[in-house]
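Residue strings, one per chain:
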Amino acid sequence: MLRCVVSVRRSMGTLCGQKLDQVVKQLESFAPTALAEKWDNVGLLIEPSKDKQIERILLTNDLTEPVMSEALEKKADLIISYHPPIFKALTRITMANWKERIVATCLVNSVALYSPHTAWDKVPGGVNDWLAKAVDIQGIKPLIPEPGAEPGTGSGRLIETSMPISHLVHALQDHIENSVHVAFAVGHHSKTFVKTVGICAGSGGSLLKGVQADLVITGEMSHHELLDFNHNGTTVLLCNHSNSERGFLREFKPILEKRLQGTCEVLISEKDQDPLHTVFRGSSQAAQQVKQ
């Protein structure tokens, strides 16, 4: 069985690597693409060659041009981008559009691209289960169980708990290592205890609609969705879309390393970030960070 010694690999600058199809096999084993929503575009999106050898893998939430440049600098052979940069069909690949430029760059530099998206959302131990760890969990189950799949598989999560909103807000901030927005339900305040929490990483307005929960956590909602939730007795915590997902990469890194038995180096992007930055009124330090 092929295995690399990490210390030797780092000192000599060499990696054993695995064929792309074997890496994809491990990714599919963790979260089968069959779990993804029908509208989603998941799996191996760019295959430079049939016998592509993978030694270095870069994990990112979004494959932006800064992340693409980082991947080239770090000599990544495979990029695993949670969000699929190729979503709608491309009718051309030119330099006129940033997504087309990314595809062209991958092809020219023989970089493979894989995206798991909603398969990672549904799988036990995936993105939604990671986001749920901000809550003191007394019980947890999918909002919509996946038919025929192992228990715990499905869309969103519904949690039983007992926490004041203020504690939950701080716990969520610590968990995602970022700020959150709070939309209090009518009649709720910071000391209100919540017993049920709905979870949907990303954009959860449609999935969480109609869920009977004291509080819901997601990445983003529209103004009118927030008003509906608040008037239906549900407080909403918003993390910003990708901030409700990105932290899972730190959890997935050792999972993938173990599955690949140390044959590939797995890195997490340092350039990947949510496009939104919260600038607090009167905070010159925060304003300066945005300018930088």
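Model, not experiment: these values are computed from the prediction.

Colleague: Can you tell me about the nonpolar core, naming the residues and giving the values?
Modeller: Counting residues in hydrophobic clusters, the biggest one holds 49 residues, and the most contacted among them are I57, W120 and I217. In contact with I217, not counting residues within four places along its chain, are L131, V135, L172, V197, G198, I199, C200, L208, L237 and C239. Counting residues in each nonpolar core, the second largest holds 15 residues, with I46, L58, I86 and L267 among its members.

Colleague: Go over the sheet that holds strand 10 (residues 157-164), please, and point to the residues and values.
Modeller: Read across the sheet, 6 strands follow the order 7-10-12-13-14-11 without closing on themselves; strand pairing throughout is mixed. Two strands in the sheet have a free side with no partner beyond their single neighbour: strand 7 (139-141) and strand 11 (181-183). In this sheet, adjacent strand axes meet at a mean angle of 25° when their direction is disregarded. Inspection of the sheet shows strand 11 paired to strand 14 (residues 235-238) by 3 bridges, in the antiparallel sense. The residue of strand 14 that forms the bridge with A183 is V236. Sheet strands in contact with helix 9 (residues 223-231) are strand 11, strand 13 (215-220) and strand 14, and its direction is about 140° off that of strand 14.

Colleague: Now, about the packing of helix 2 (residues 20-30) against helix 10 (residues 248-259): what can you tell me, with residues and values included?
Modeller: Running from N to C, helix 2 and helix 10 point in directions that differ by 125°, and their axes come no closer than 11 Å. As judged from the angle between their axes, helix 2 and helix 10 are oblique. For the pair helix 2 and helix 10, the sense of crossing is right-handed. Where helix 2 approaches helix 10, its residues Q26, L27, S29 and F30 are matched on the opposing element by F248, F252, I255, L256 and R259. Within the contact of helix 2 with helix 10, the residues separate by chemical class into 6 nonpolar, 2 polar and 1 charged.

Colleague: Before we move on, could you go through the confidence of the model for the protein chain and cite the residues and values that matter?
Modeller: Overall, the prediction assigns the protein chain a mean pLDDT of 92, with 92% of residues at 70 or greater. When the criterion is pLDDT under 50, residues 5-12 qualifies, and its contacts beyond four places in sequence or with other chains add up to 7 contacts.

Colleague: Just give me the short version of the layout of surface pockets, but keep the residues and values in it.
Modeller: A probe as big as a water molecule, rolled over the atoms, marks out the empty space that is left. Each pocket or cavity is described by its volume, and for the second largest pocket that value is around 390 Å³. Where the lining of the second largest pocket is concerned, the elements lending two or more residues are helix 5 (118-122), strand 8 (144-145), strand 12 (193-203) and helix 8 (205-208). Looking at which element gives the most residues to the lining of the second largest pocket, the answer is strand 12, with 4 residues. Residues belonging to the lining of the second largest pocket are distributed by class as follows: 8 nonpolar, 10 polar and 5 charged.

Colleague: Let's hear about the packing of helix 3 (residues 65-73) against helix 4 (residues 98-108): which residues, and what values?
Modeller: Running from N to C, helix 3 and helix 4 cross one another at 10°; their axes reach a closest spacing of 10 Å. By the angle class used here, helix 3 and helix 4 are roughly parallel. Along this stretch, helix 3 crosses helix 4, giving a crossing that reads as left-handed. Taken together, the residues of helix 4 that come into contact with helix 3 (itself represented by E65, M68 and L72) are W98, R101, I102, T105 and C106.

Colleague: Tell me about the pairing of strand 4 (residues 56-60), and name the residues and values.
Modeller: The element strand 4 is extensively covered by neighbouring structure, given that 5 of its 5 residues are classed as buried. Here 4 bridges tie strand 4 to strand 5 (residues 78-81), and the two strands are oriented parallel to one another. Pairing of I57 across the sheet is with L78, part of strand 5. For the crossover from strand 4 across helix 3 to strand 5, the handedness is right-handed.

Colleague: Outline helix 3, supporting the account with residue identities and numerical values.
Modeller: All of the buried residues in helix 3 are V67, M68, E70 and A71. What you see down the axis of helix 3 is that its buried residues fit within an arc of 160°, all on one side. Close packing links the buried residues of helix 3 with strand 4, strand 5, helix 4 and strand 15 (265-268). Phi turns positive, to about 60°, at K75, one or two residues after helix 3.

Colleague: I'd like to hear about the pairing of strand 5, residue by residue, with values.
Modeller: One face of the sheet, then the other: side chains in a regular strand alternate in exactly this way. Burial of strand 5 is two-sided: the residues L78 and I80 facing one way and the residues I79 and S81 facing the other way are all buried. Alignment of strand 5 against strand 6 (residues 112-115), held across 3 bridges, turns out to be parallel. Following the sheet pairing, I80 is matched in strand 6 by Y114. In this region the chain leaves strand 5, passes through helix 4 and returns to the parallel neighbour strand 6; the handedness of that crossover is right-handed.

What counts, and where the lines are drawn
Residues numbered from 1 in each chain as written. Predicted model: local features only at pLDDT ≥ 70, side-chain atom pairs only at ≥ 80, totals over all residues. Heavy atoms only, no water. Core = buried A, V, L, I, M, F, W, Y, C linked by side-chain atoms within 4.5 Å. Buried < 20%, exposed > 50% of the residue type's maximum accessible area, 1.4 Å probe, protein only. Contact = heavy atoms within 4.5 Å. Pairing = 2+ DSSP bridges. Helix = DSSP H or I, 4+ residues; strand = E, 2+ residues; numbered from the N terminus. Axes fitted to C-alpha atoms, helices over the stretch in contact; angles between N-to-C directions. Parallel < 35°, antiparallel > 145°, perpendicular 65-115°, else oblique. Left-handed = near helix turned anticlockwise from the far one by under 90°. Nonpolar A, V, L, I, M, F, W, Y, C, P; charged D, E, K, R; others polar. pLDDT = per-residue confidence, 0-100. 1 Å grid on protein atoms, 1.4 Å probe; cavity = no way out; pocket = protein on both sides within 12 Å on 5 of 7 lines; lining within 4 Å. Points joined across faces, edges and corners; volume = space filled by probe spheres on them. Right-handed = clockwise from strand over helix to strand, strands pointing away. Arc of directions from axis to C-beta.

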